[in-house]
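Residue strings, one per chain:
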Amino acid sequence: MYGFEALTFNIHGGYLEAIVRGHRSGLLTAADYNNLCQCETLDDIKMHLTATEYGPYLQNEPSPLHTTTIVEKCTLKLVDEYKHMLCQATEPLSIFLEYCTYGHMIDNVVLIVTGTLHERDVQELLEKCHPLGMFDSIATLAVAQNMRELYRLVLVDTPLAPYFSECITSEDLDDMNIEIMRNTLYKAYLEDFYRFCQKLGGATAEIMSDLLAFEADRRAVNITINSIGTELTRDDRRKLYSNFGLLYPYGHEELAVCEDLDQVRGVMEKYPPYQSIFSRLSYGESQLLDKAFYEEEVKRLCLSFEQQFHYAVFFAYMRLREQEIRNLMWISECVAQNQKSRVHDSVVFIF
Amino acid sequence: MVLEKMEMFLDNLQPMDLMRSEKMSFVQLIIPAESAHRAISYLGELGLLQFRDLNADKSPFQRTFVNQVKRCGEMSRKLRFFKDQINKAGLLSSAHPVIEPDVELEELEIQLGEHENELIEMNSNSEKLQQSYNELLEFKMVLQKAVGFLVSSNSHAVAEETELNENVYSNDDYGETTSLLEQELRSVPSNQSGLRFISGIIPRSKVVRFERMLFRATRGNMLFNQAPADEEIMDPVSTEMVEKTVFVVFFSGEQARTKILKICEAFGANCYPVPEDVTKQRQITREVLSRLSELEATLDAGIRHRNKALASIGYQLTKWMNMVKREKAVYDTLNMLNFDVTKKCLVGEGWCPSFAKAQIQETLQRATFDSNSQVGIIFHVMDALESPPTYFRTNRFTNAFQEIVDAYGVARYEEANPAVYTVVTFPFLFAVMFGDWGHGICLLMGALILIARESKLSSQKLGSFMEMLFGGRYVLLLMALFSIYCGLIYNEFFSVPFHIFGGSAYKCRDTTCSDAHIAGLMKYRDPYPFGVDPSWRGSRSELPFLNSLKMKMSILLGVAQMNLGIILSYFNARFFGNSLDIRYQFVPQIIFLNCLFGYLSLLIIIKWCSGSQADLYHVMIYMFLSPTDDLGENQLFWGQRPLQILLLLLALIAVPWMLLPKPFILKKLHTERFQGRTYGILGTSEMDLDMEPGSARSHHDDFNFSEVFVHQMIHSIEFVLGAVSNTASYLRLWALSLAHSELSTVFYEKVLLLAWGYDNIIIRLVGLAVFAFATAFILLMMETLSAFLHALRLHWVEFQNKFYHGDGYKFKPFSFASITEDDD
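Source: prediction; values computed, not measured.

Cut-offs applied
- Residues numbered from 1 in each chain as written.
- Chains lettered and ligands numbered in written order.
- Predicted model: local features only at pLDDT ≥ 70, side-chain atom pairs only at ≥ 80, totals over all residues.
- Heavy atoms only, no water.
- Helix = DSSP H or I, 4+ residues; strand = E, 2+ residues; numbered from the N terminus.
- Buried < 20%, exposed > 50% of the residue type's maximum accessible area, 1.4 Å probe, protein only.
- Contact = heavy atoms within 4.5 Å.
- Areas by Shrake-Rupley, 256 points an atom, 1.4 Å probe, with all protein chains shown as cover.
- Rg over C-alpha atoms; globule rule 2.2 N^0.38 Å.
- Core = buried A, V, L, I, M, F, W, Y, C linked by side-chain atoms within 4.5 Å.
- pLDDT = per-residue confidence, 0-100.
- UniProt positions renumbered as here; feature names shortened; annotations may be inferred.
- Domains from an automatic or database assignment.
- Buried area = accessible area lost by both parts, 1.4 Å probe.
- Salt bridge = Lys/Arg side-chain N within 4 Å of Asp/Glu carboxyl O.
- Polar contact = N/O pair within 3.5 Å; in protein donor to acceptor, adjacent residues only side chain to side chain.
- Nonpolar A, V, L, I, M, F, W, Y, C, P; charged D, E, K, R; others polar.
- Phe/Tyr/Trp six-rings, centres within 6.5 Å; stacked < 30°, edge-to-face > 60°.
- Lys NZ or Arg CZ within 6 Å of the ring centre and 35° of its normal.
- Pairing = 2+ DSSP bridges.
- Axes fitted to C-alpha atoms, helices over the stretch in contact; angles between N-to-C directions.
- Expected span 1.5 Å × (residues − 1).
- Bend = angle between axes of the 7 residues up to and from the residue.
- Parallel < 35°, antiparallel > 145°, perpendicular 65-115°, else oblique.
- Left-handed = near helix turned anticlockwise from the far one by under 90°.

1. Things to note about the overall build of chain B
- Counting its secondary structure elements, chain B contains 26 helices and 13 strands.
- When each of the 824 residues of chain B is scored for burial, the buried share is 43%.
- Within chain B, counting contacts between residues at least 6 apart in sequence, those at least 24 apart form 80% of the total.
- Of the accessible surface of chain B, which amounts to about 44700 Å², a share of 60% is contributed by carbon and sulfur atoms.

This is how it looks when you write it as C-alpha cells:
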C-alpha cells in the first residue's frame with residue numbers, strides 16, 4: 001500500500017518517530033564542531049559536551065579524562081536511546097531495530113575470535129566490543145576452535161545463525177579465514193536486511209534499499225581494495241560481494257578483476273552517483289576514500305529525514321549518532337595528542 | 001473643555017505598580033578587577049540587575065574565568081558523589097544547618113578533595129573486603145551444597161535402580177540424580193582420572209544457558225547438578241542482592257576440563273574446589289566459617305567508620321552545595337563581563353529597574369569598601385538601543401494572575417498590563433460559568449486549606465499537580481468567592497434553590513397546585529429581592545427564562561470587556577505618544593463595536609427595564625437587511641429607526657476609517673522625513689550585529705508601503721470579523737453555565753433523589769456515594785477545569801487581542817535566590 005502509510009503509520013510508529021526525530025535534533029551542529037575543534041584540552045571538550053545532550057552522561061566523570069571515557073559515555077547514550085526505542089517498539093519496527101544491530105554483532109564476533117586467536121584476555125576484548133552488538137553468550141566464543149564449533153556452540157542461539165550457513169567449514173580459524181567469515185556474514189546480513197525491508201514495502205523499502213545499496217557498494221569497493229595483493233582469488237572475491245546494489249551484477253564482474261586502485265576507480269566512475277566521490281580524489285590516493293564515503297553516507301542519511309512515515313529514520317539516526325561518536329573520538333584523540341592541525345582530516349559534519 | 005480636564009486628570013494620575021511594567025535603566029558597571037568577585041556576589045544577593053552577555057560570540061572555554069568555572073564544576077561533581085554515597089549508605093543528609101564560619105572556596109576545594117580521597121580509599125578497601133567476604137560466603141555455600149551431592153552418595157549405599165530410570169529422574173529432581181552420581185562415584189574412586197568434577201556458583205538467571213552451553217561443549221558427556229543457594233549475595237558493583245545457584249559438573253577428560261573452565265569464566269561463574277575427602281571437607285568448612293565471622297566483623301567496622309565520615313560530610317553538604325552553586329553563578333556572570341583596554345577593569349552592562357539604582361550603588365560601595373579597593377566601582381546609566389525587559393513587582397496574591405497573562409506572552413515594555421483587570425474579571429467570568437454556591441463553598445474550603453497551610457507547603461516539594469494548585473491558590477480563592485456570589489444570583493445550591501432572601505413572588509392558582517405546569521403560576525407580590533426566584537425551578541418555562549437571562553447577560557459582559565480592551569489600547573497609544581493610533585484605530589474601533597453590539601446591549605437593557613416583548617433578533621437582523629423599514633411592534637423607544645440608520649452608517653464609515661488613512665499617513669510622514677531623497681542611510685554593520693533577536697528595536701528605517709498596508713488590512717478585517725465572532729464567543733458563558741447547572745441537576749435528581757426514594761439503607765448509601773463522587777470529580781474537578789480554560793480563552797483571545805502586544809521579554813535578574821531555587 002505504497003503512499004498510504006500516512007493513514008496507519010502513527011498507530012504504532014508515531015510515538016517512536018517523534019522520539020527519533022527529537023533525538024536527531026540533538027545531534028551536534030556545525031557550530032558545536034567548530035567550538036570542539038578549538039578546544040585545548042579534553043576538559044574543554046567535556047565542558048562543551050556537558051552543555052549538549054551528552055551532559056548527564058559526562059558530568060559525573062572525574063577530571064583527568066581519557067578519550068575512551070568520552071567515547072564510552074557517548075556510546076552509552078546511544079545505547080540507552082536505542083534500548084528505550086526497542087522497548088517501545090512493536091512488531092515490524094522492533095525487528096527492524098534489531099536488524100540495525102546485527103552489523104555490530106558480526107564485528108564483535110570477529111573481534112573476539114581474532115582476539116582469542118592472538119591469545120588476548122577475554123575480559124579485555126569484551127570491553128572493546130560495541131555494546132549494541134552484545135549478546136548473552138558472547139564470552140563463550142573464546143572456547144571455539146574452528147568455525148563449525150563456533151556455530152554449534154554459540155552462534156546457533158543468536159540471530160546470526162542463518163547467515164552462517166555459507167561459511168561453515170572445518171578449517172581452523174586464522175586471520176584470513178576470519179576476515180572472509182566477516183565479509184560472508186556481512187553479505188548475508190545485508191541481503192537479509194534488504195529482503196526484510198523490501199517485505200515491509202512503502203517508503204521504508206524505497207529509502208532503505210537506497211541506503212543498503214550504498215552500504216553494499218561501499219563494502220564491495222573496500223573488499224576489492226583490501227584484497228588487492230592478497231591470495232584471495234577472483235572467484236572468492238566475487239563471492240563476497242552482496243547480490244544487490246548499484247554495482248550488481250556488472251560492476252561486480254569488473255571489480256572482481258581489478259588489480260590496483262586506479263582500475264577500481266575506472267570501474268566506479270562509470271556509475272554517476274559514485275563519480276563525484278572518486279573525482280574528488282587524486283590518482284593513487286586511498287586514505288581520503290573513507291572520508292569521502294562517510295560524507296556521502298551522511299548526506300544520504302540526512303536526506304532520509306526529509307520523508308515521514310517510514311522506518312529508515314531509525315537506521316539513519318543510529319548511523320548518524322555513530323558517525324558523531326567517531327567524530328568526537330577523532331577530535332578528542334587529536335586534542336589529546338596535540339595534533340590539532342589534523343582535526344579536520346576525518347571529521348564529517350552532520351547537518 | 002471636558003476633554004482637556006480629562007487629559008489633565010489622566011496626566012496627573014500617580015503611576016501604579018502593576019499597571020505598567022517598571023521603568024528600567026540600562027547601566028554600565030566598571031569594576032576594578034580586585035573587587036569584581038565581591039561586587040558580583042553582593043549583586044547576586046541583591047538580585048536586581050540583569051547582566052548582558054558581552055562575550056556571546058566566545059565559546060565557553062575561551063572566556064576569562066573558565067578555570068574557576070571548571071573548578072566549580074569539579075567541586076559540584078564531588079559533592080554529587082558524596083550525596084550519592086550518602087544516599088547509598090542510607091543516611092539522611094540532615095537539613096539542619098550547622099553554624100560554622102564561612103570557608104573560602106580554595107579551602108573548600110582542598111577539603112572536598114581530601115574527603116573524596118578518603119572516601120574512595122575507604123570504598124576500595126571495603127570493596128576488597130566485600131569481595132573476599134563474597135568469595136568466602138560463596139565457598140561456604142558451595143561446600144554445603146556440593147558436599148550434599150557428594151556425601152549423600154555414601155549414605156545411600158544401595159540404590160538399585162537402572163541408569164536409564166535415573167536419567168529420567170535426573171531431569172526434574174536433583175535429589176534423585178545423586179543416586180546416579182553415587183553409582184558413578186562408587187565405580188571410579190579407584191581410578192582418579194576417569195570422572196572428575198568442578199563445583200562452583202553462578203547467578204541464577206544464567207543457569208539454564210550455562211547448562212546448555214556445557215552440554216553442547218562436551219557433547220552431552222557431563223552431568224550437571226544444581227541447588228539454589230540459601231542466601232543472596234551482594235553484587236559489589238551494583239550493590240544489589242543477587243540470587244545464586246550452586247552447581248557441580250561431573251565430566252571426564254582433560255580437554256573437557258579446560259573447556260568447562262573457559263565456559264565458567266565466560267559466564268562469570270566462580271569455581272571453588274571441594275575436596276572429596278570428608279574430613280578435609282569438615283576442616284575446610286570450619287576454616288571458612290571462622291574466617292567469615294572475622295571478615296564480617298572487619299567489614300562492619302569499616303562500614304561504621306565510613307558512615308561516620310559520611311555523616312560528618314552530610315551535615316554540611318547542603319551548605320557546600322549552595323556555596324558552590326553560588327560561586328559558579330558568580331563566575332558565570334563574571335564571564336559575561338568584558339575586560340577594558342587596560343586589562344585592569346571589568347566592564348559590565350545590564351538592565352536594572354530604575355528604582356533600584358540607589359540600592360545597587362550602595363551595594364557596590366559596600367563591595368569596594370569590603371575588598372579594600374583603592375578605586376571605586378563606576379556605575380552609570382547609558383542609552384540603549386534595544387527595548388528594555390519587562391519587570392512587574394508582584395506579590396503572593398498578584399503573582400498567579402500575572403502568570404496567567406505571561407503564559408500568553410510577556411508584556412511589551414511599559415505596555416498596559418492586563419493582569420490588573422484579570423484579577424477581578426478572570427474569577428468573575430469563571431464564576432458566571434460555575435455559578436453554584438454549594439460547589440463554590442467546596443472550592444472555597446479547598447482554597448482556604450491551601451492558604452492556611454501556605455507557609456508549610458511553600459517550603460516542601462510538591463508534585464506537579466499540587467504545585468499548580470498551590471501556585472494558583474489565590475486565584476482559586478477568588479474563583480470560589482465569585483462562584484458563591486454567582487450561585488446566589490442563580491439561586492443554586494448543588495442545583496437546589498433556596499428561599500434565602502424571603503418568599504417567592506409566585507404562587508399557585510389554587511391550593512392543589514394541579515395546573516401549575518399547564519397554566520403556570522401567579523405573581524402575587526414584589527419580585528424576589530436578590531437573584532432568581534426559587535419558583536422558576538422545575539417550572540415549564542424554567543429553561544427559556546434562564547437561557548434568555550444568561551444569554552443576554554453574556555453579551556453584556558462580553559461587550560463590556562471588549563470595550564475595556566479597546567479603551568486600554570487608547571491608554572497604550574496615549575502613553576507611547578502615538579496619536580495616529582488613537583485617531584485612526586481606537587476611534588473607529590470603538591465606534592464600530594458600539595454601533596453594532598453596544599447598541600444590542602442598549603436594547604437588552606431597555607428591554608429588561610421596560611418589560612417589552614420586542615424580538616431583538618429581528619431588530620438586529622433587519623437593521624442590516626432593511627434599515628428603512630418600519631419596526632412595527634418591535635419598536636422599543638421613540639426614534640429607534642433613525643438611530644439605527646445613523647449607527648449603521650457610522651459602522652460602515654468606521655471600516656474604511658480604520659483601514660485606509662493610517663498607512664497613507666505613514667507613507668507621507670516617511671517621504672517627508674527624507675524629503676524626496678532617494679538614498680537611504682547606510683546601515684552600519686556594527687549596529688546590526690548588536691541586534692538581539694527578539695528585541696523590539698524601533699529603528700526600521702526602510703519603509704515598505706505594501707507591507708504596512710497589508711498589515712493594516714489584516715488588522716482591520718480581523719477586527720471587523722472579530723467584533724462579531726468575539727461577541728458570539730462570549731456566549732460560551734451561557735453555554736457552560738447551562739451545562740453546569742443541568743449536569744448538577746441530573747446528579748441531584750437522577751442519583752441522589754432516586755436513591756433516596758427507596759427505603760433501603762444500602763441503596764441510599766450507594767446513591768449518596770455516587771452523588772458525592774460525581775460532584776467531586778465531574779463537577780468540582782472537571783467542570784472547574786473546563787470553566788477555567790474557557791475563562792482563560794476569553795481573556796487571552798477576546799480581551800487581550802484588542803490591545804495587548806505581548807512581545808516583550810522578562811526581566812531575569814542575576815540572583816542567588818533564584819539559583820538555589822531551581823536545582824533538584
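2. Let's talk about the overall build of chain A
- The number of helices and strands found in chain A is 17 helices and zero strands.
- For chain A, whose C-alpha radius of gyration is 21 Å, the value lies close to the compact-globule estimate of 20 Å for 351 residues.
- C-alpha extents for chain A along the principal axes are approximately 50 × 50 × 45 Å.
- For chain A, the proportion of its 351 residues judged to be buried stands at 54%.
- Considering only contacts within chain A whose residues lie at least 6 apart along the sequence, 63% involve residues at least 24 apart.
- Accessible surface, chain A: about 15700 Å² in total, of which carbon and sulfur atoms supply 51%.

3. Observations concerning the nonpolar core
- Ranked by internal contacts, the top residues of the largest apolar core, which has 117 residues, are F96, F193 and F314 of chain A.
- Among the elements that take part in this core, helix α17 (residues 312-336) of chain A stands out by supplying 13 residues, more than any other.
- In this view, F193 of chain A contacts F96, Y99, C100, M208, L212 and F315 of chain A; residues no more than four positions away in its chain are not counted.
- A416, A431, L596 and A654 of chain B belong to the second largest nonpolar core, which has 83 residues in total.

4. So, the confidence of the model for chain B
Residues and elements named next belong to chain B.
- Of the residues in chain B, 88% reach a pLDDT of 70 or more, and the chain-wide mean stands at 82.
- Contacts for the low-pLDDT stretch residues 154-193, under 50 throughout, to residues beyond four places or in other chains number 36 contacts.
- Here residues 683-700 is modelled with pLDDT under 50, and outside its nearest four sequence neighbours on either side it reaches 14 contacts, counting other chains as well.
- With a pTM of 0.73, the predicted complex shows an ipTM of 0.75.

5. Considerations on the UniProt feature "coiled-coil region" (unreviewed entry) in chain B
- UniProt's entry tags residues 105-132 of chain B with the feature "coiled-coil region" (unreviewed entry), counted in the numbering of this structure.
- Along residues 105-132 of chain B one finds 100% helix and 0% strand; the C-alpha atoms at either end are 40 Å apart.

6. Some remarks on the domain arrangement of chain A
Residue and element names in this part refer to chain A.
- Domain assignment breaks chain A into domain 1 (1-80 + 309-350), domain 2 (89-195) and domain 3 (201-280).
- Of note, the centres of domain 2 and domain 3, computed from C-alpha atoms alone, are 23 Å apart.
- Of the residues lining the interface, 12 residues belong to domain 2; the matching set on domain 3 comes to 16 residues.
- Between domain 2 and domain 3 lies a buried interface of about 1300 Å² when both sides are counted; carbon and sulfur atoms form 74% of it.
- Ranking the residues of domain 2 by area buried against domain 3 places K187, L190 and Y194 at the top, with a combined share of 42%.

7. Points about the pattern of salt bridges
- For the structure on display, the rule yields 45 salt bridges over all chains.
- A salt bridge links R204 of chain B to E243 of chain B; the shortest N-O distance between them is 3.2 Å. Of the two residues, R204 of chain B sits in the loop between β3 (196-203) and α7 (207-217) while E243 of chain B sits in the loop between β6 (241-242) and β7 (244-251), which places them 39 residues apart along the sequence.
- Salt bridges linked by common partners bring E53, K77, E81, R321 and E324 of chain A together as one network.

8. Comments concerning the interface of chain A and chain B
- Counting residues at the interface gives 25 residues for chain A and 20 residues for chain B.
- Counting each side, the surface lost to burial between chain A and chain B is near 2100 Å², with a carbon and sulfur contribution of 56%.
- Linking chain A with chain B are one salt bridge.
- Residue K70 of chain B is joined to D44 of chain A by a salt bridge in which the shortest nitrogen-to-oxygen separation is 2.8 Å.
- Summed over the shared surface of chain A and chain B, the number is three residue pairs in polar contact (both at pLDDT 80 or more).
- Among the elements of the structure, α4 (42-50) and α9 (147-153) of chain A are those that each provide at least two residues to the side of chain A that touches chain B.
- Per-element tally for the side of chain A that touches chain B: the top contributor is α4 of chain A, with five residues.
- Here the residues of the side of chain A that touches chain B are counted per class, giving eight nonpolar, nine polar and eight charged.

9. Here's the deal with the packing of aromatic side chains
- Throughout the structure, instances matching the rule amount to 56 aromatic pairs over all chains.
- Judged by centre distance (6.3 Å) and plane angle (55°), the rings of Y163 of chain A and Y189 of chain A are tilted. You can see Y163 of chain A sitting in the loop between α9 and α10 (175-200) and its partner Y189 of chain A sitting in helix α10, a full 26 residues away along the chain. By the burial criterion, Y163 of chain A is buried, and Y189 of chain A matches it.
- On the numbers, 5.0 Å between centres and 35° between planes, the contact of Y570 of chain B with F586 of chain B is tilted. Taken together, the residues span a long stretch of sequence, with Y570 of chain B in helix α17 (residues 542-575) and F586 of chain B in helix α18 (residues 579-610) at a distance of 16 residues. Both residues of the pair, Y570 of chain B and F586 of chain B, count as buried.
- The ring of Y490 of chain B has K550 of chain B sitting right over it, with the charged end atom 4.4 Å from the ring centre.
- In this structure, R764 of chain B is placed above the aromatic ring of W756 of chain B, and the distance from its NZ or CZ to the ring centre is 4.9 Å.

10. Section: the pairing of strand β1 (residues 24-32) of chain B
All names here are of chain B.
- Of all nine residues in β1, eight are buried; the element is thus mostly enclosed.
- Taken together, the five bridges between β1 and strand β11 (residues 378-382) define a ladder with antiparallel strand orientation. The residue bridging L29 from the neighbouring strand is F379, located in β11.

11. Things to note about the sheet that holds strand β4 (residues 222-228) of chain B
All names here are of chain B.
- Overall, antiparallel pairing links the four strands, which are arranged β4-β7-β3-β8 in an open sheet. Among the strands making up the open sheet, the edge pair consists of β4 and β8 (270-271).
- Direction of pairing for β4 relative to β7: antiparallel, over a ladder of seven bridges. Directly across from Q226, in β7, lies its bridge partner F247.
- Each of β3, β4 and β7 is contacted by α7, which is oriented at about 170° to β4, the strand it contacts most.
- Lying on the sheet, helix α8 (residues 254-267) is in contact with β3, β7 and β8; it crosses β3 at an angle near 10°.

12. Some details on the environment of M433 of chain B
Residues and elements named next belong to chain B.
- With respect to the secondary-structure elements, M433 resides in helix α12 (residues 419-433).
- Of the residues examined, M433 reaches a relative accessible area of 1% and is grouped as buried.
- Residues M433 and G487, 54 residues apart in the sequence, show an inter-C-alpha distance of 9.8 Å.
- For M433, the residues in contact, after removing those within four places along its chain, are R732, L733, L736, S737, H740, A787, H790 and A791.

13. So, α12 of chain B
Residue and element names in this part refer to chain B.
- The end-to-end C-alpha separation of α12 is 20 Å, in line with the 21 Å expected for 15 residues at 1.5 Å each.
- Along its length, α12 shows its largest kink, about 30°, at T425, and proline P427 lies within four residues downstream of that point.
- Across the 15 residues that make up α12, a large majority, 12, are buried.
- Residues A419, Y421, T422, V423, T425, F426, P427, L429, F430, A431, V432 and M433 constitute the buried set of α12.

14. A few points about the packing of helix α3 (residues 66-88) of chain B against helix α9 (residues 278-334) of chain B
Residues and elements named next belong to chain B.
- Where α3 contacts α9, the axes come no closer than 9 Å and their chain directions differ by 150°. The angle between α3 and α9 falls in the class roughly antiparallel. In this structure, α3 meets α9 at a crossing whose hand is left-handed. Judged by residue contacts, Q68, V69, C72, M75, S76, L79, R80, F82, K83, Q85 and I86 of α3 engage R306, L310, I313, G314, L317, W320, M321, V324, E327, K328, Y331 and D332 from α9.
- By residue class, the composition of the contact of α3 with α9 is 13 nonpolar, four polar and six charged.

15. Quick notes on unusual backbone geometry
- Geometrically, the link from Y248 of chain A to P249 of chain A is a cis peptide bond, its omega value of -5° lying close to zero.
- Inspection of the secondary structure puts P249 of chain A in the loop between α12 (234-240) and α13 (250-256).
- For E119 of chain A, which is not a glycine, the phi torsion comes out positive at approximately 60°.
- Mapped onto the secondary structure, E119 of chain A falls in the loop between α7 (91-117) and α8 (122-128).
- With a phi close to 60°, E414 of chain B is a non-glycine residue in the positive phi region.
- If you trace the backbone, E414 of chain B turns up in the loop between α11 (396-408) and α12.

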